[in-house]
Amino acid sequence: METSCAVAAMRTCDRIEAEDGEILAFVPEPGRRERLARAARVADERWGDVDGRPPLYGVMVGVKDIVHVEGVPTGAGSDVPAEVLAGAEASLVGRLREAGALVAGKTVTAEFAVTAPGPTRNPHHLGHTPGGSSSGSAAAVAAGMVPLAVGTQTIGSMIRPAAYCGVLGFKPTHGRIPSDGVIPNAPTFDTVGLFAADVATLAPAAAVLCDGWRPSGEGGEAAAGRRPVLGVPLGPYLDRADAEARKSFAEWAGHLAAAGFTVRRVPFPDDFERVVAEQRVINRYELARSHAVWFPRHGERYREQTVEAIREGQRMSHDAYAAALRARAGFRERLVAAMDRDGIDLWITPAATGPAPYGLESTGNSVMSLPWSYAGAPALALPAGRAANSLPLGVQCVARPGADERLLGWAPDVESVLVGTSAPV
(Lines give C-alpha, C1' and ligand atoms only; values in the text may rest on other atoms or scores of the structure.)
Protein backbone atom coordinates (compact mmCIF):
# COMPACT_ATOMS: atom_id res chain seq x y z
CA MET A 1 0.00 0.00 0.00
CA GLU A 2 1.38 3.40 -0.97
CA THR A 3 2.09 5.86 1.82
CA SER A 4 1.19 9.55 1.73
CA CYS A 5 4.67 10.62 0.71
CA ALA A 6 4.76 8.27 -2.26
CA VAL A 7 1.28 9.38 -3.31
CA ALA A 8 2.32 13.04 -3.10
CA ALA A 9 5.38 12.36 -5.22
CA MET A 10 3.45 10.63 -7.98
CA ARG A 11 0.70 13.24 -7.97
CA THR A 12 3.33 15.92 -8.38
CA CYS A 13 4.82 14.10 -11.35
CA ASP A 14 1.34 13.84 -12.85
CA ARG A 15 0.77 17.58 -12.43
CA ILE A 16 4.12 18.49 -13.93
CA GLU A 17 3.51 16.21 -16.90
CA ALA A 18 0.02 17.62 -17.39
CA GLU A 19 0.75 21.33 -16.89
CA ASP A 20 4.37 22.05 -17.68
CA GLY A 21 4.26 21.42 -21.39
CA GLU A 22 2.91 24.96 -21.83
CA ILE A 23 4.25 26.76 -18.76
CA LEU A 24 7.84 25.42 -18.88
CA ALA A 25 8.53 26.09 -15.21
CA PHE A 26 10.70 22.99 -14.67
CA VAL A 27 13.96 22.04 -16.29
CA PRO A 28 13.25 18.80 -18.21
CA GLU A 29 14.31 15.70 -16.26
CA PRO A 30 13.75 12.35 -18.01
CA GLY A 31 14.12 10.29 -14.82
CA ARG A 32 12.07 12.50 -12.53
CA ARG A 33 9.35 9.97 -11.70
CA GLU A 34 11.82 7.19 -10.86
CA ARG A 35 14.02 9.52 -8.78
CA LEU A 36 11.05 10.78 -6.78
CA ALA A 37 9.67 7.28 -6.27
CA ARG A 38 13.00 6.24 -4.73
CA ALA A 39 13.14 9.32 -2.53
CA ALA A 40 9.56 8.82 -1.38
CA ARG A 41 10.24 5.20 -0.40
CA VAL A 42 13.23 6.30 1.67
CA ALA A 43 11.18 9.00 3.39
CA ASP A 44 8.29 6.64 4.12
CA GLU A 45 10.64 4.04 5.58
CA ARG A 46 12.37 6.63 7.72
CA TRP A 47 9.23 8.37 8.98
CA GLY A 48 6.59 5.67 8.97
CA ASP A 49 5.30 6.76 12.37
CA VAL A 50 2.85 9.60 11.76
CA ASP A 51 3.52 11.15 15.17
CA GLY A 52 7.25 11.43 14.47
CA ARG A 53 7.07 13.05 11.06
CA PRO A 54 9.05 16.28 10.53
CA PRO A 55 7.42 19.61 9.63
CA LEU A 56 7.81 19.38 5.85
CA TYR A 57 7.10 15.67 5.50
CA GLY A 58 5.96 14.91 1.96
CA VAL A 59 6.12 18.53 0.81
CA MET A 60 7.23 18.68 -2.82
CA VAL A 61 9.66 21.53 -3.51
CA GLY A 62 10.88 23.11 -6.73
CA VAL A 63 14.50 24.29 -6.54
CA LYS A 64 15.91 27.07 -8.72
CA ASP A 65 18.49 25.80 -11.15
CA ILE A 66 21.41 27.71 -9.66
CA VAL A 67 21.16 25.63 -6.45
CA HIS A 68 23.14 22.38 -6.43
CA VAL A 69 21.05 19.28 -5.72
CA GLU A 70 22.74 15.89 -5.48
CA GLY A 71 21.74 13.67 -8.39
CA VAL A 72 20.23 16.50 -10.48
CA PRO A 73 22.52 18.51 -12.80
CA THR A 74 22.83 22.28 -12.42
CA GLY A 75 22.57 24.22 -15.67
CA ALA A 76 21.90 27.76 -14.33
CA GLY A 77 19.76 28.46 -17.39
CA SER A 78 22.88 28.43 -19.56
CA ASP A 79 24.59 26.44 -22.29
CA VAL A 80 27.71 25.97 -20.17
CA PRO A 81 28.21 22.21 -19.60
CA ALA A 82 26.73 21.00 -16.32
CA GLU A 83 30.01 19.31 -15.37
CA VAL A 84 31.72 22.73 -15.46
CA LEU A 85 29.16 24.19 -13.05
CA ALA A 86 28.95 21.13 -10.78
CA GLY A 87 29.42 21.48 -7.03
CA ALA A 88 28.46 20.02 -3.66
CA GLU A 89 24.79 19.99 -2.70
CA ALA A 90 23.64 23.21 -1.04
CA SER A 91 23.15 22.90 2.69
CA LEU A 92 19.69 24.42 2.33
CA VAL A 93 18.69 21.34 0.29
CA GLY A 94 19.94 19.13 3.11
CA ARG A 95 17.80 21.07 5.56
CA LEU A 96 14.75 20.54 3.36
CA ARG A 97 15.44 16.81 3.14
CA GLU A 98 15.92 16.50 6.92
CA ALA A 99 12.59 18.25 7.39
CA GLY A 100 10.91 15.63 5.19
CA ALA A 101 10.61 17.54 1.91
CA LEU A 102 11.31 16.04 -1.50
CA VAL A 103 12.93 17.91 -4.41
CA ALA A 104 10.39 17.77 -7.23
CA GLY A 105 12.98 19.08 -9.67
CA LYS A 106 14.97 22.07 -10.87
CA THR A 107 13.01 25.18 -11.81
CA VAL A 108 13.93 27.44 -14.69
CA THR A 109 16.07 30.52 -14.04
CA ALA A 110 17.24 33.42 -16.14
CA GLU A 111 20.78 32.68 -17.31
CA PHE A 112 23.02 32.68 -14.22
CA ALA A 113 20.19 34.54 -12.40
CA VAL A 114 20.98 37.73 -14.31
CA THR A 115 18.56 39.12 -16.94
CA ALA A 116 18.49 36.82 -19.99
CA PRO A 117 15.06 35.14 -19.61
CA GLY A 118 14.35 31.45 -19.54
CA PRO A 119 11.41 29.94 -21.48
CA THR A 120 8.90 29.98 -18.58
CA ARG A 121 5.48 31.53 -19.23
CA ASN A 122 3.10 33.22 -16.82
CA PRO A 123 0.41 30.68 -15.79
CA HIS A 124 -2.24 33.44 -15.76
CA HIS A 125 -1.54 34.39 -19.37
CA LEU A 126 1.00 32.45 -21.38
CA GLY A 127 1.93 35.47 -23.47
CA HIS A 128 3.21 37.40 -20.46
CA THR A 129 6.45 37.06 -18.52
CA PRO A 130 6.38 35.33 -15.12
CA GLY A 131 9.18 37.68 -14.01
CA GLY A 132 12.72 36.72 -13.20
CA SER A 133 15.18 35.52 -12.43
CA SER A 134 13.29 32.96 -10.27
CA SER A 135 10.71 32.55 -13.01
CA GLY A 136 10.23 28.80 -12.85
CA SER A 137 9.85 28.68 -9.08
CA ALA A 138 7.11 31.32 -9.03
CA ALA A 139 5.26 29.82 -11.99
CA ALA A 140 5.45 26.27 -10.61
CA VAL A 141 3.71 27.38 -7.39
CA ALA A 142 1.20 29.56 -9.24
CA ALA A 143 0.23 26.65 -11.51
CA GLY A 144 -0.23 24.30 -8.54
CA MET A 145 2.54 21.95 -9.60
CA VAL A 146 4.28 22.26 -6.23
CA PRO A 147 3.20 23.96 -2.98
CA LEU A 148 6.66 25.35 -2.23
CA ALA A 149 9.66 26.48 -4.27
CA VAL A 150 13.13 27.84 -3.60
CA GLY A 151 14.30 30.96 -5.41
CA THR A 152 16.98 33.58 -5.03
CA GLN A 153 16.91 37.36 -5.15
CA THR A 154 19.75 39.69 -5.97
CA ILE A 155 17.56 42.74 -6.55
CA GLY A 156 13.98 41.76 -7.45
CA SER A 157 14.21 38.14 -8.52
CA MET A 158 11.62 36.81 -6.06
CA ILE A 159 9.32 39.66 -5.09
CA ARG A 160 8.61 40.64 -8.71
CA PRO A 161 7.82 37.13 -10.06
CA ALA A 162 5.70 36.46 -6.96
CA ALA A 163 3.66 39.57 -7.78
CA TYR A 164 3.44 38.75 -11.49
CA CYS A 165 2.32 35.17 -10.78
CA GLY A 166 -0.02 35.91 -7.86
CA VAL A 167 1.80 33.94 -5.14
CA LEU A 168 3.72 34.71 -1.97
CA GLY A 169 7.43 35.42 -2.23
CA PHE A 170 9.63 35.65 0.87
CA LYS A 171 13.11 37.16 0.65
CA PRO A 172 14.72 36.89 4.08
CA THR A 173 17.35 39.17 5.54
CA HIS A 174 20.53 38.78 3.52
CA GLY A 175 22.41 35.75 4.85
CA ARG A 176 19.61 34.20 6.95
CA ILE A 177 19.50 31.14 4.66
CA PRO A 178 22.94 29.68 3.85
CA SER A 179 24.02 30.27 0.27
CA ASP A 180 26.74 27.63 -0.01
CA GLY A 181 26.13 25.46 -3.05
CA VAL A 182 24.36 28.33 -4.84
CA ILE A 183 25.95 29.79 -7.98
CA PRO A 184 26.59 33.46 -7.11
CA ASN A 185 25.51 36.57 -8.95
CA ALA A 186 26.46 39.38 -6.54
CA PRO A 187 27.16 37.95 -3.07
CA THR A 188 26.57 41.27 -1.30
CA PHE A 189 22.91 41.02 -2.36
CA ASP A 190 22.25 37.36 -3.25
CA THR A 191 19.60 35.94 -0.91
CA VAL A 192 17.86 32.55 -0.91
CA GLY A 193 14.11 32.67 -0.39
CA LEU A 194 10.80 30.87 -0.86
CA PHE A 195 7.58 30.91 -2.87
CA ALA A 196 4.28 29.49 -1.59
CA ALA A 197 0.56 29.88 -2.07
CA ASP A 198 -0.07 31.19 1.46
CA VAL A 199 1.63 32.11 4.73
CA ALA A 200 0.59 28.84 6.37
CA THR A 201 2.70 26.91 3.83
CA LEU A 202 5.56 29.40 3.80
CA ALA A 203 6.18 29.88 7.53
CA PRO A 204 7.22 26.29 8.47
CA ALA A 205 9.68 26.21 5.59
CA ALA A 206 11.18 29.54 6.61
CA ALA A 207 11.65 28.19 10.13
CA VAL A 208 13.49 25.17 8.72
CA LEU A 209 15.79 27.12 6.40
CA CYS A 210 16.61 30.34 8.24
CA ASP A 211 19.55 30.32 10.63
CA GLY A 212 18.66 31.02 14.27
CA TRP A 213 14.91 31.09 13.73
CA ARG A 214 13.03 32.24 16.83
CA PRO A 215 9.59 30.60 16.81
CA SER A 216 8.18 32.60 19.71
CA GLY A 217 8.76 35.82 21.58
CA GLU A 218 10.10 38.45 19.19
CA GLY A 219 9.06 36.57 16.08
CA GLY A 220 5.73 35.05 17.05
CA GLU A 221 3.94 35.92 20.28
CA ALA A 222 5.09 39.54 20.35
CA ALA A 223 4.16 40.02 16.71
CA ALA A 224 0.74 38.53 17.33
CA GLY A 225 0.16 40.83 20.33
CA ARG A 226 -0.39 43.97 18.25
CA ARG A 227 -0.76 45.04 14.66
CA PRO A 228 2.27 46.58 12.99
CA VAL A 229 2.55 50.24 12.10
CA LEU A 230 2.79 50.42 8.31
CA GLY A 231 4.88 52.98 6.47
CA VAL A 232 4.31 54.15 2.89
CA PRO A 233 7.57 55.53 1.41
CA LEU A 234 6.66 58.63 -0.58
CA GLY A 235 8.80 60.28 -3.25
CA PRO A 236 10.79 59.25 -6.33
CA TYR A 237 10.85 55.57 -5.34
CA LEU A 238 7.07 55.16 -5.23
CA ASP A 239 6.75 57.24 -8.39
CA ARG A 240 8.54 54.46 -10.31
CA ALA A 241 5.35 52.33 -10.15
CA ASP A 242 2.92 52.85 -13.01
CA ALA A 243 -0.37 54.67 -12.55
CA GLU A 244 -2.48 51.52 -12.25
CA ALA A 245 -0.16 49.99 -9.64
CA ARG A 246 -0.10 53.22 -7.60
CA LYS A 247 -3.88 53.53 -7.69
CA SER A 248 -4.41 49.92 -6.66
CA PHE A 249 -1.78 50.20 -3.93
CA ALA A 250 -3.36 53.38 -2.52
CA GLU A 251 -6.70 51.60 -2.30
CA TRP A 252 -5.16 48.59 -0.54
CA ALA A 253 -3.43 50.93 1.93
CA GLY A 254 -6.86 52.42 2.59
CA HIS A 255 -8.33 48.96 3.20
CA LEU A 256 -5.54 48.20 5.68
CA ALA A 257 -6.19 51.47 7.52
CA ALA A 258 -9.93 50.71 7.61
CA ALA A 259 -9.11 47.29 9.07
CA GLY A 260 -7.34 48.92 12.02
CA PHE A 261 -3.74 49.20 10.85
CA THR A 262 -1.93 52.47 11.46
CA VAL A 263 -0.61 53.68 8.09
CA ARG A 264 1.96 56.49 8.02
CA ARG A 265 3.15 58.20 4.86
CA VAL A 266 6.82 59.09 5.08
CA PRO A 267 9.14 60.64 2.47
CA PHE A 268 11.89 58.04 1.94
CA PRO A 269 14.47 57.65 0.54
CA ASP A 270 15.49 61.16 -0.49
CA ASP A 271 18.47 59.96 -2.56
CA PHE A 272 16.84 57.17 -4.52
CA GLU A 273 18.61 57.79 -7.83
CA ARG A 274 22.00 57.58 -6.10
CA VAL A 275 20.93 54.31 -4.46
CA VAL A 276 20.05 52.91 -7.89
CA ALA A 277 23.47 53.87 -9.25
CA GLU A 278 25.42 52.49 -6.26
CA GLN A 279 23.50 49.22 -6.35
CA ARG A 280 24.44 48.77 -9.99
CA VAL A 281 28.14 49.31 -9.28
CA ILE A 282 28.16 46.65 -6.55
CA ASN A 283 26.06 44.20 -8.55
CA ARG A 284 27.98 44.43 -11.80
CA TYR A 285 31.42 44.48 -10.14
CA GLU A 286 30.64 41.32 -8.15
CA LEU A 287 28.97 39.58 -11.11
CA ALA A 288 32.16 39.96 -13.15
CA ARG A 289 34.22 38.47 -10.29
CA SER A 290 31.74 35.62 -9.81
CA HIS A 291 32.41 34.60 -13.44
CA ALA A 292 36.14 35.29 -13.44
CA VAL A 293 36.94 31.61 -14.11
CA TRP A 294 33.99 30.47 -16.25
CA PHE A 295 33.61 33.50 -18.52
CA PRO A 296 37.11 33.48 -20.09
CA ARG A 297 36.75 29.77 -20.84
CA HIS A 298 33.10 29.54 -21.87
CA GLY A 299 32.06 33.13 -22.65
CA GLU A 300 31.05 32.20 -26.19
CA ARG A 301 28.21 30.15 -24.66
CA TYR A 302 26.84 33.09 -22.63
CA ARG A 303 23.85 35.07 -23.88
CA GLU A 304 24.20 38.68 -24.94
CA GLN A 305 22.53 40.24 -21.88
CA THR A 306 24.80 38.33 -19.51
CA VAL A 307 27.92 39.18 -21.52
CA GLU A 308 27.06 42.88 -21.44
CA ALA A 309 26.51 42.82 -17.68
CA ILE A 310 29.82 41.03 -17.05
CA ARG A 311 31.73 43.36 -19.38
CA GLU A 312 30.26 46.35 -17.55
CA GLY A 313 31.42 44.92 -14.25
CA GLN A 314 34.91 44.29 -15.60
CA ARG A 315 35.22 48.00 -16.42
CA MET A 316 34.33 49.13 -12.90
CA SER A 317 37.17 50.11 -10.58
CA HIS A 318 37.76 48.69 -7.13
CA ASP A 319 37.68 52.23 -5.71
CA ALA A 320 34.19 52.81 -7.11
CA TYR A 321 33.10 49.46 -5.70
CA ALA A 322 34.52 50.21 -2.25
CA ALA A 323 32.81 53.61 -2.20
CA ALA A 324 29.49 52.02 -3.16
CA LEU A 325 29.83 49.49 -0.33
CA ARG A 326 30.39 52.32 2.16
CA ALA A 327 27.34 54.14 0.82
CA ARG A 328 25.29 50.96 1.15
CA ALA A 329 26.22 50.61 4.83
CA GLY A 330 25.14 54.21 5.38
CA PHE A 331 21.83 53.64 3.63
CA ARG A 332 21.08 50.62 5.78
CA GLU A 333 21.69 52.72 8.90
CA ARG A 334 19.42 55.48 7.60
CA LEU A 335 16.69 52.96 6.81
CA VAL A 336 16.65 51.67 10.39
CA ALA A 337 16.85 55.23 11.76
CA ALA A 338 13.85 56.29 9.66
CA MET A 339 11.82 53.35 10.93
CA ASP A 340 12.78 54.17 14.52
CA ARG A 341 12.02 57.88 14.10
CA ASP A 342 8.56 57.36 12.64
CA GLY A 343 7.66 54.21 14.60
CA ILE A 344 7.35 52.06 11.46
CA ASP A 345 7.30 48.28 11.80
CA LEU A 346 6.78 47.41 8.12
CA TRP A 347 7.10 49.41 4.94
CA ILE A 348 4.37 48.62 2.43
CA THR A 349 4.78 49.25 -1.29
CA PRO A 350 3.63 47.89 -4.64
CA ALA A 351 5.45 44.60 -5.16
CA ALA A 352 6.15 45.48 -8.79
CA THR A 353 5.78 48.49 -11.06
CA GLY A 354 2.59 46.98 -12.47
CA PRO A 355 1.23 43.69 -13.79
CA ALA A 356 3.44 41.31 -15.79
CA PRO A 357 4.38 42.88 -19.13
CA TYR A 358 3.44 41.20 -22.37
CA GLY A 359 6.18 39.19 -24.04
CA LEU A 360 8.94 36.85 -22.93
CA GLU A 361 11.97 38.90 -24.02
CA SER A 362 12.25 40.67 -20.65
CA THR A 363 11.54 39.67 -17.05
CA GLY A 364 10.24 43.11 -16.09
CA ASN A 365 11.42 45.94 -13.86
CA SER A 366 12.93 45.15 -10.45
CA VAL A 367 13.04 48.72 -9.14
CA MET A 368 10.34 48.30 -6.45
CA SER A 369 12.58 45.78 -4.70
CA LEU A 370 15.82 47.69 -5.21
CA PRO A 371 16.23 49.80 -2.03
CA TRP A 372 15.22 46.96 0.28
CA SER A 373 17.53 44.43 -1.39
CA TYR A 374 20.26 47.08 -1.33
CA ALA A 375 19.84 47.27 2.45
CA GLY A 376 19.62 43.48 2.89
CA ALA A 377 16.18 43.82 4.52
CA PRO A 378 13.58 41.02 4.57
CA ALA A 379 10.62 41.41 2.21
CA LEU A 380 7.39 39.56 1.52
CA ALA A 381 5.19 39.81 -1.58
CA LEU A 382 1.49 39.15 -0.99
CA PRO A 383 -1.12 38.82 -3.78
CA ALA A 384 -3.33 41.90 -3.88
CA GLY A 385 -6.05 41.82 -6.49
CA ARG A 386 -5.73 42.08 -10.24
CA ALA A 387 -5.06 44.69 -12.85
CA ALA A 388 -7.55 45.73 -15.52
CA ASN A 389 -6.15 43.02 -17.81
CA SER A 390 -6.89 40.44 -15.06
CA LEU A 391 -3.19 39.74 -14.30
CA PRO A 392 -2.17 39.67 -10.62
CA LEU A 393 -0.86 42.59 -8.60
CA GLY A 394 0.94 42.40 -5.27
CA VAL A 395 1.76 44.33 -2.10
CA GLN A 396 5.28 44.18 -0.70
CA CYS A 397 5.92 44.27 3.07
CA VAL A 398 9.45 45.08 4.27
CA ALA A 399 10.81 44.77 7.83
CA ARG A 400 14.07 46.01 9.27
CA PRO A 401 17.10 43.76 8.73
CA GLY A 402 16.99 40.75 11.05
CA ALA A 403 13.25 41.02 11.79
CA ASP A 404 12.21 38.10 9.56
CA GLU A 405 10.20 36.46 12.33
CA ARG A 406 8.24 39.64 12.93
CA LEU A 407 7.57 40.00 9.22
CA LEU A 408 6.10 36.51 8.93
CA GLY A 409 4.43 36.82 12.32
CA TRP A 410 2.49 39.85 11.12
CA ALA A 411 1.91 38.52 7.60
CA PRO A 412 -1.33 36.60 8.33
CA ASP A 413 -3.04 39.80 9.53
CA VAL A 414 -2.04 41.67 6.39
CA GLU A 415 -2.87 38.67 4.21
CA SER A 416 -6.34 38.40 5.72
CA VAL A 417 -7.17 41.96 4.63
CA LEU A 418 -5.77 41.48 1.12
CA VAL A 419 -7.62 38.18 0.67
CA GLY A 420 -10.81 39.20 2.45
CA THR A 421 -11.39 42.55 0.74
CA SER A 422 -12.78 43.00 -2.74
CA ALA A 423 -9.99 43.86 -5.13
CA PRO A 424 -9.71 47.51 -6.23
CA VAL A 425 -10.89 48.15 -9.77
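Everything in this summary refers to the structure shown in the same document. All values reported here derive from a predicted model rather than from experimental measurement.

This paragraph deals with the pairing of strand β1 (residues 60-64). For β1, a buried count of five out of five residues is recorded, marking the element as mostly surrounded by other parts of the structure. Alignment of β1 against strand β2 (residues 102-107), held across five bridges, turns out to be parallel. Residue pairing for β2: M60 is matched across the bridge by L102. The pairing of β1 with strand β3 (residues 148-153) spans three bridges and is classified as parallel. When the sheet's bridge partners are listed, V63 is paired in β3 with V150.

Attention now moves to the packing of helix α10 (residues 272-290) against helix α12 (residues 304-315). Taken N-terminus to C-terminus, the directions of α10 and α12 make an angle of 100°; their axes are 7 Å apart at the nearest point. Relative to α12, the element α10 is oriented roughly perpendicular. Residues R280, R284, Y285, L287, A288 and R289 of α10 form the contact with α12, whose participating residues are A309, I310, E312, G313 and Q314. Class assignment of the residues belonging to the contact of α10 with α12 gives a composition of five nonpolar, two polar and four charged.

Tracing the sequence through the fold places D271 in the loop between β7 (262-267) and α10. At 2.8 Å, the side chain of D271 and the side chain of R334 are in polar contact.

Let's shift gears to the environment of A384. Residue position: A384 is located in strand β9 (residues 379-386). Residue classification places A384 among the buried positions, given a relative accessible area of 1%. In this structure the C-alpha to C-alpha distance between A384 and R280, which are 104 residues apart in sequence, comes to 29 Å. When residues no more than four places from it in sequence are discounted, the contact partners of A384 are S248, W252, L393, G394, V395 and L418.

It is worth spelling out the pattern of salt bridges at this point. For the structure on display, the rule yields 23 salt bridges. In this structure, D345 engages R226 in a salt bridge whose closest nitrogen and oxygen atoms are separated by 2.8 Å. Remark: R226 occurs in the loop between α8 (221-225) and β6 (229-234) and D345 occurs in the loop between α13 (318-342) and β8 (346-350); sequence separation between them is 119 residues. Its relative accessible area of 38% is what places R226 among the partly exposed residues. The salt bridge involving E273 is made with R240; its shortest N-O contact spans 3.0 Å. Of this pair, E273 sits in helix α10 while R240 is found in the loop between β6 and α9 (243-258), placing the two residues 33 residues apart along the sequence. Taken together, the shared-partner salt bridges connect D270, D271, R274, E278 and R334 into one network.

Below, the discussion takes up unusual backbone geometry. That bond from G132 to S133 is cis: its omega, 5°, falls within 30 degrees of zero. You can see S133 is positioned in the loop between β2 and α5 (135-142). With an omega dihedral of -15°, the bond running from F268 to P269 counts as a cis peptide bond. Assignment of secondary structure puts P269 in the loop between β7 and α10. Although it is not a glycine, F112 adopts a positive phi angle of roughly 55°. The topology assignment puts F112 in the loop between β2 and α5. Residue classification places F112 among the buried positions, given a relative accessible area of 0%.

All right, on to the state of the cysteines then. Applying the stated criterion across every chain, the model contains zero disulfides. With no disulfide of its own, C13 has C5 as its nearest cysteine by sulfur position, at a separation of 11 Å. Residue classification places C13 among the buried positions, given a relative accessible area of 1%. With no disulfide of its own, C210 lies closest to C397 among cysteine sulfurs, the gap being 16 Å.

The next point concerns the pairing of β3. Of all six residues that make up β3, six are buried, and the element is covered over most of its length. Here β3 shows two buried faces, one formed by L148, V150 and T152 and the other by A149, G151 and Q153. Sheet topology places β3 next to strand β5 (residues 191-196); six bridges connect them, and they run antiparallel. Each residue of the ladder has a partner; that of Q153, found in β5, is T191.

For the rest of this paragraph, the subject is the sheet that holds β7. Hydrogen bonds along the backbone pair up the strands of a sheet, which may run parallel or antiparallel. Taken in spatial order, the 10 strands make up an open sheet running β2-β1-β3-β5-β4-β9-β10-β8-β6-β7, and their pairing is mixed. Since the sheet does not close on itself, it has two edges, and those belong to β2 and β7, each with one partner. Sheet twist, expressed as the mean angle between neighbouring strand axes with direction ignored, is 30°. Two strands pair when backbone bridges link them, and β6 and β7 are joined in this way by six bridges, in the parallel orientation. Counted as the bridge partner of L230 is V263 from β7. This element, helix α7 (residues 199-209), spans β3, β4 (168-171), β5 and β9 of the sheet and lies at about 150° to β5.

Rules used in this analysis
- Residues numbered from 1 in each chain as written.
- Predicted model: local features only at pLDDT ≥ 70, side-chain atom pairs only at ≥ 80, totals over all residues.
- Heavy atoms only, no water.
- Buried < 20%, exposed > 50% of the residue type's maximum accessible area, 1.4 Å probe, protein only.
- Helix = DSSP H or I, 4+ residues; strand = E, 2+ residues; numbered from the N terminus.
- Pairing = 2+ DSSP bridges.
- Axes fitted to C-alpha atoms, helices over the stretch in contact; angles between N-to-C directions.
- Parallel < 35°, antiparallel > 145°, perpendicular 65-115°, else oblique.
- Contact = heavy atoms within 4.5 Å.
- Nonpolar A, V, L, I, M, F, W, Y, C, P; charged D, E, K, R; others polar.
- Polar contact = N/O pair within 3.5 Å; in protein donor to acceptor, adjacent residues only side chain to side chain.
- Salt bridge = Lys/Arg side-chain N within 4 Å of Asp/Glu carboxyl O.
- Disulfide = S-S within 2.5 Å.

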